[in-house]
Amino acid sequence: MAESTQLQQAQLATILGPDPAPFETLISHLMASANEQRSQAELLFNLCKQTDPDSLSLKLAHLLQFSPAQEARAMSAILLRKQLTRDDSYLWPRLSPNTQSTLKSILLSCIQREEVKSISKKLCDTISELASGILPDNGWPELLPFMFQCVSSDSPKLQESAFLIFAQLSQYIGDSLVPYIKELHTVFLQCLSSSTNSDVKIAALNAVINFIQCLTSSGDRDRFQDLLPAMMRTLMESLNNGNEATAQEALELFIELAGTEPRFLRRQIVEVVGSMLQIAEAESLEEGTRHLAIEFVITLAEARERAPGMMRKLPQFISRLFAILMNMVLDIEDDPSWHTAETEDEDAGESGNYSVGQECLDRLAISLGGNTIVPVASEQLPAYLAAPEWQKHHAALIALAQIAEGCSKVMIKNLEQVVAMVLNSFQDPHPRVRWAAINAIGQLSTDLGPDLQVQYHQRVLPALASAMDDFQNPRVQAHAASAVLNFSENCTPDILTPYLDGIVSKLLVLLQNGKQMVQEGALTALASVADSSQEHFQKYYDAVMPYLKAILVNATDKSNRMLRAKSMECISLVGMAVGKEKFRDDAKQVMEVLMSLQGSQMETDDPTTSYMLQAWARLCKCLGQDFLPYMSVVMPPLLQSAQLKPDVTITSADDNSAVDDSDDDSMETITLGDKRIGIKTSVLEEKATACNMLCCYADELKEGFFPWIDQVAPTLVPLLKFYFHEEVRKAAVSAMPELLLSAKLAIEKGLAQGRNETYIKQLSDYIVPALVEALHKEPDTEICANILDAINECIQISGPLLDESQVRSIVEEIKQVITASSSRKRERAERTQAEDFDDEERELIKEENEQEEEVFDQVGEILGTLIKTFKASFLPFFDELATYLTPMWGKDKTPEERRIAICIFDDVAEQCREAALKYYDTFLPFLLEACNDESPDVRQAAVYGLGVCAEFGGTVIKPLISVALSRLNVVIQHPNALQPDNIMAYDNAVSALGKICQYHRDSIDAARVIPAWLNCLPIKGDLIEAKVVHDQLCSMVERSDGDILGPNNQYLSKIVQVFAEVLCAGKELATKQTASRMINLLKQLQQTLPPQTLASTWSSLQPQQQLALQSILSS
């Protein structure tokens, strides 16, 4: 060891010694393609860095200055940049002041001397990197004066370099440049207006756009408005000079600006968008250039959060853009290989224009909405449908399908025209047009369902059925089968059932077709039809199942993999639809086949795995506990799929070689900072499927899942933070309470292999903190609501086992959630103030706020559960939360927020009783006011709370009883009190009134109030309150309460009537005990009352009530 260290020391001395050759050799080895040589060189380089950073830096700088070899200069620029980047290997602070100042001056002199453009660019990167670390603390006072000098020099090379550095500094440390805003404005304007060098102009454009984006005040940004014409001219000139590569760079910069600062463009939007559409329309330009111009306009339309409504104010442009996109969708040829294709995704004949046009129609409709797009489409599409060329018919149908998602609300109002347009083309002579019509029906069934299904099933289903007879065109047949799938997914059994005979028999014919694509389509359609018709599918089971089993057993070739996979899907869905009894015998055979497949070796891209995972889970749902014996076969591969590592490649974001592979569907790329991350999607999808299936098994098998918890929990808990894929996180979140419940049930039922409650505590200690931490980092609002829901379920299962620090962490996170949610709402409120804000935006904001309510709902649920679990010992936490919850009572808040705030107080009052009395002063005034709120849900929560306070409030509430009575009276006497919307509030008010009668009789005029209460009975909306109230009535009658019986028992007939209605309603309105007490009371009354009183009481009942009572009393 000592020898090797000595050897290394000697090597370092030579490398860093006076002779430059050994160092140059080291650098060339760092660029070597041979791994061995390269890793040896890296080792030595890192040693130099550790032992003598000064010499190393100066050696690199010397190479940069004097090496005749371009590669060596480029490499030393890159290596210097890496050493000066502020990360783990940041060298700058370890260098002597002398070395630091030498490096700075060498870098600036190299920029002036370097002739090779690519190396100049790398030098700019190195300078920017160093400057971003030291400029803010005035560590390089010479730099900015030097750059301003370069910009005003007459050397285009120096001008370009200075602008490149300005652009990067704007990104890294824009704040440090803001003080020079005036000088920069002058320099930018001068260069863009008068420079003759296109490279310099593009560099200046890059700098301007980056600088505008780093300005935080809109006033500062507006000072650059006058540059826009010159910026646009730079773009147009490069196009006129035929310099399209430069123009494309400029367009990419404009697209970035449109995405981040769209309002900067607002004042000159007409000129800017007009120019872009001109580019898009220019047939002499390259496709790539025209596509970028379209991308710019679409990006502006999509910039909803920053410039809401702006593009909708330009109808003439939207109409032009729509026409441009329609023209692109015409770019399609009738390629023979489309007709003979073996798979549905063969898109022969479609051009690059076609696919961009198609995607942009979809994005345009989603971003601008139906009120803007539908009028344009209705104006342009009829001409396409009336034209003789098949391409035009095809384009119109493709466009309809593409805009449906964004225009669904408006298209649903005009369904007749839309459906007629599409169905007419089912008869078109050209098969590609018929295919497009079927495609449109499939898409519309998804986007305009279930309205389309309910109103047009009698036209759509027969049309699809006859398209399945097109044996000349298997692609049309197969597509018709897959459209049946889209149609039935949004369909209720009653709509589908009348058509089943026809559809199922056609699908059976297609199953026996020679074309695999047609067979696959038929399988998917059958699966979906079975799934939508449920038990109605039983009558077809015996005809269908033998075919399905035959495919499963016989389709064993590699070419048939997908067919066999789809047969698994179909069999398992048919099994679930018809139920366990009908399916049991076949299920055994099917599981034998699946087990033998499970054991065989499959290739990584084999679709069977993912289909098989799902089929097993459906079989489990169908068979329930009978499935347990198969778990030992199913679980090992399932865990393996759930544990798949994402297949990730990381490249630098400015490395263009990676971009060329990005149209590969199987890779998804995301850019994070300066890294581009590529992820293999098939791996993620298999992982997500597997996680969902684990959740399914735990949910279905309950305690039967117990043996697997020790393997599943450590697999899923880390995936709560799996940010590559939302589905994986969602599944992991949903599984958490299922795992806890499985453990709890297994231990309660003695099935836990000798484990006891400590095991639940350990599991809960593992799961709950992990959920809380995941909530803290979750970027997606919907998943936040899911996590809150899961935490709530976990507390319900193992709440008492939580310790104080865990409760504290949950409460802290709830504060965060409320704060984050309020700030999102504030941002939305600010968007409503934008110049172009309109109704469409208002609609979208409403939808976003509704998702926000979901989060608040969950917060209310969790707090309710914590209060029920910990009672008064939770109150110190409740006090901390008060500052977050009290604002939710405000009139400016949504009804949903007010309701949640009231419910939380109701829970506190009900669960903490005496300990909660100290809050009455604060909350009762709110509660009384909320009793007469506009919203029935708020009223219900408030009157329920009054009942709780009446029950537990003792002397504290006494002084407020008469106010409470008048508030309840308003709810009960409301003319529409018994309407479906209001019935819950009414029932709860009646219940609260009953509690006042019970606990505060001395504070009311009992002879007036109690009969009024009796008059409201029975209550039938809120079944929980009904049981309470009817039990209370029973108790009052049992103790012969004078106020309820009335003078001379005059209210008896009303009481008997209430009892009769309650008893006739079965178990709904009273508990078993209450009902039997009522029956006893009625029997007593029969014996004790004078006959004429009894007769008149009976006669007040309806005939069927009399009959029902007689049979109840005689039994």
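Scoring rules and cut-offs
Residues numbered from 1 in each chain as written. Predicted model: local features only at pLDDT ≥ 70, side-chain atom pairs only at ≥ 80, totals over all residues. Heavy atoms only, no water. Helix = DSSP H or I, 4+ residues; strand = E, 2+ residues; numbered from the N terminus. Areas by Shrake-Rupley, 256 points an atom, 1.4 Å probe, with all protein chains shown as cover. Lys, Arg positive; Asp, Glu negative; His and termini not counted. Charge placed at Lys NZ, Arg CZ, Asp CG, Glu CD. Contact = heavy atoms within 4.5 Å. Polar contact = N/O pair within 3.5 Å; in protein donor to acceptor, adjacent residues only side chain to side chain. Phe/Tyr/Trp six-rings, centres within 6.5 Å; stacked < 30°, edge-to-face > 60°. Buried < 20%, exposed > 50% of the residue type's maximum accessible area, 1.4 Å probe, protein only. Lys NZ or Arg CZ within 6 Å of the ring centre and 35° of its normal. Expected span 1.5 Å × (residues − 1). Salt bridge = Lys/Arg side-chain N within 4 Å of Asp/Glu carboxyl O. Axes fitted to C-alpha atoms, helices over the stretch in contact; angles between N-to-C directions. Parallel < 35°, antiparallel > 145°, perpendicular 65-115°, else oblique. Left-handed = near helix turned anticlockwise from the far one by under 90°. Nonpolar A, V, L, I, M, F, W, Y, C, P; charged D, E, K, R; others polar. Bend = angle between axes of the 7 residues up to and from the residue. pLDDT = per-residue confidence, 0-100. Core = buried A, V, L, I, M, F, W, Y, C linked by side-chain atoms within 4.5 Å. Patch = residues over 30% accessible without salt bridge, like charges linked within 9 Å, V, L, I, M, F, W, Y side chains within 5 Å. Disulfide = S-S within 2.5 Å.

### As for the overall build of the protein chain
Looking only at helices and strands, the protein chain features 55 helices and three strands. Principal-axis analysis of the C-alpha atoms gives the protein chain an extent of 125 × 75 × 70 Å. Of the roughly 48600 Å² that the protein chain leaves accessible, carbon and sulfur atoms contribute 51%. Counting 95 positive and 152 negative side-chain charges, the protein chain places the averaged centre of each group 4 Å from the other.

### Overview of the environment of Gln159
With respect to the helices and strands, Gln159 occurs in helix H9 (residues 156–177). With near-sequence residues (within four places) excluded, Gln159 lies in contact with Cys150, Val151, Ser153 and Val200. Polar contacts involving the side chain of Gln159 include one to the main-chain carbonyl oxygen of Ser153, which spans 3.4 Å.

### Focus on the packing of aromatic side chains
Within this structure, the stated rule accounts for 24 aromatic pairs. Arranged with centres 6.3 Å apart and planes meeting at 50 degrees, the rings of Phe188 and Phe224 form a pair that is tilted. Taken together, the positions of Phe188 in helix H10 (residues 181–194) and Phe224 in the loop between helix H12 (218–222) and helix H13 (228–240) put the pair 36 residues apart, joining distant regions of the chain. Taken individually, Phe188 and Phe224 each receive the classification buried, so the pair is uniform in this respect. Aromatic rings pair up to connect Phe878, Trp889, Phe905, Tyr919, Tyr920, Phe923 and Phe926 into one cluster. Directly above the aromatic system of Phe722 lies the positively charged group of Lys687, at a separation of 5.1 Å from the ring centroid.

### Overview of helix H39 (residues 781–798)
Its 18 residues give H39 an end-to-end C-alpha distance of 26 Å, which sits within 8% of 26 Å, the value for a rise of 1.5 Å per residue. For H39, the N-terminal capping position is held by Asp780, with its side-chain oxygen 2.9 Å away from the main-chain nitrogen of Glu782.

### Thoughts on the pattern of salt bridges
When the charged atoms of two side chains with opposite charge come close together, those side chains can pair. On inspection of all chains with the given rule, the structure shows 63 salt bridges. In this structure, Glu812 and Lys815 form a salt bridge, with 3.1 Å as the shortest nitrogen-oxygen distance. A residue pair is termed a helical-turn pair when its members lie 3 or 4 positions apart in one helix, as Glu812 and Lys815 do in helix H40 (residues 804–831) at three residues. Overall, the relative accessible area of 32% leaves Glu812 in the partly exposed class. Residue classification places Lys815 among the buried residues on the basis of a relative accessible area of 10%.

### Brief notes about the packing of helix H5 (residues 70–83) against helix H7 (residues 117–134)
Where H5 meets H7, the closest approach of the two axes is 8 Å, and the angle between their N-to-C directions is 15 degrees. Considering their axes alone, H5 and H7 lie roughly parallel with respect to each other. Viewed along their axes, H5 and H7 form a crossing whose handedness is left-handed. On the side of H5, the interface is formed by Gln70, Arg73, Ala74, Ala77, Ile78, Leu80 and Arg81, while H7 contributes Ile119, Lys122, Leu123, Asp125, Thr126 and Glu129. Here the contact of H5 with H7 is built from residues that sort into six nonpolar, two polar and five charged.

### Quick look at helix H30 (residues 538–554)
Counted at 1.5 Å a residue, the expected span for H30 with its 17 residues is 24 Å, and the 25 Å between its end C-alpha atoms agrees. At Val544, H30 is deflected by roughly 45 degrees, the largest bend along its length, and proline Pro546 occurs up to four residues later in sequence. Listed as buried for H30 are Tyr540, Tyr541, Val544, Met545, Leu548, Lys549, Ile551 and Leu552. At its buried positions, H30 is contacted by helix H28 (500–511), helix H29 (516–533), helix H31 (561–578) and helix H32 (580–599).

### Examining unusual backbone geometry
In this structure, the amide linkage connecting Gly449 to the following residue, Pro450, adopts the cis form with an omega of -5 degrees. Tracing the backbone shows Pro450 in the loop between helix H24 (431–447) and helix H25 (451–467). Cis geometry is found at the peptide bond from Leu1017 to Pro1018, where omega equals -5 degrees. Following the sequence through the fold, Pro1018 ends up in the loop between helix H49 (1006–1015) and helix H50 (1023–1038).

### What about the packing of H31 against H32?
In the contact formed by H31 and H32, the axes pass within 11 Å of each other and the chain directions differ by 150 degrees. As judged from the angle between their axes, H31 and H32 are roughly antiparallel. Seen from above, H31 lies across H32 with left-handed handedness. Along the contact surface, H31 presents Arg564, Met568, Ile571, Gly575 and Val578, while H32 presents Lys582, Phe583, Val590, Leu594 and Leu597. Across the contact of H31 with H32, the residue classes break down as seven nonpolar, one polar and two charged.

### Observations regarding the confidence of the model for the protein chain
Model confidence for the protein chain is summarised by a mean pLDDT of 90, while 98% of its residues fall at 70 or above. Between the elements of the protein chain, mean pLDDT differs from a low of 70, seen in strand S2 (residues 667–672), to a high of 97, seen in helix H21 (residues 390–403).

### Re the nonpolar core
Counting 402 residues, the largest nonpolar core has Phe163, Met231, Phe627, Tyr697, Phe705 and Phe874 as the members making the most contacts within it. For Phe627, the residues in contact, after removing those within four places along its chain, are Met591, Trp616, Leu619, Cys620, Val634 and Tyr697.

### A look at the side chain of Glu160
Within the fold, Glu160 resides in helix H9. Contact partners of Glu160, with chain neighbours within four places excluded, come to Lys117, Lys121, Asp199, Val200 and Ala203.

### Observations concerning a nonpolar patch on the surface
A grouping of Val648, Ile650 and Phe724 is seen on the molecular surface, where their side chains present a nonpolar patch of about 240 Å² in accessible area. Relative accessible area serves as the criterion here: at 54%, Ile650 is assigned to the exposed category.

### Focus on the environment of Gln453
Note on placement: Gln453 falls in helix H25. Gln453 sits 35 residues away from Ser488 along the chain, and the two C-alpha atoms are 8.2 Å apart. A polar side-chain atom of Gln453 sits 3.2 Å from the main-chain carbonyl oxygen of Ser445.

### Some thoughts on the environment of Leu189
Counting through the fold element by element, Leu189 comes out in helix H10. Exposure remark for Leu189: the relative accessible area of 27% places this residue in the partly exposed category. Expressed as a C-alpha distance, the spacing of Leu189 and Gln1073, which sit 884 residues apart in the sequence, is 88 Å. Not counting residues up to four positions away in its chain, the partners in contact with Leu189 are Asp226 and Leu227.

### Quick word on the state of the cysteines
The tally for this structure, following the rule as stated, stands at zero disulfides. Lacking any disulfide linkage, Cys124 is separated from the closest cysteine sulfur, that of Cys150, by 9.2 Å. Cys695 carries a free sulfur, and the closest cysteine sulfur to it, the one in Cys696, is 6.7 Å from it. Of the residues examined, Cys695 reaches a relative accessible area of 11% and is grouped as buried.

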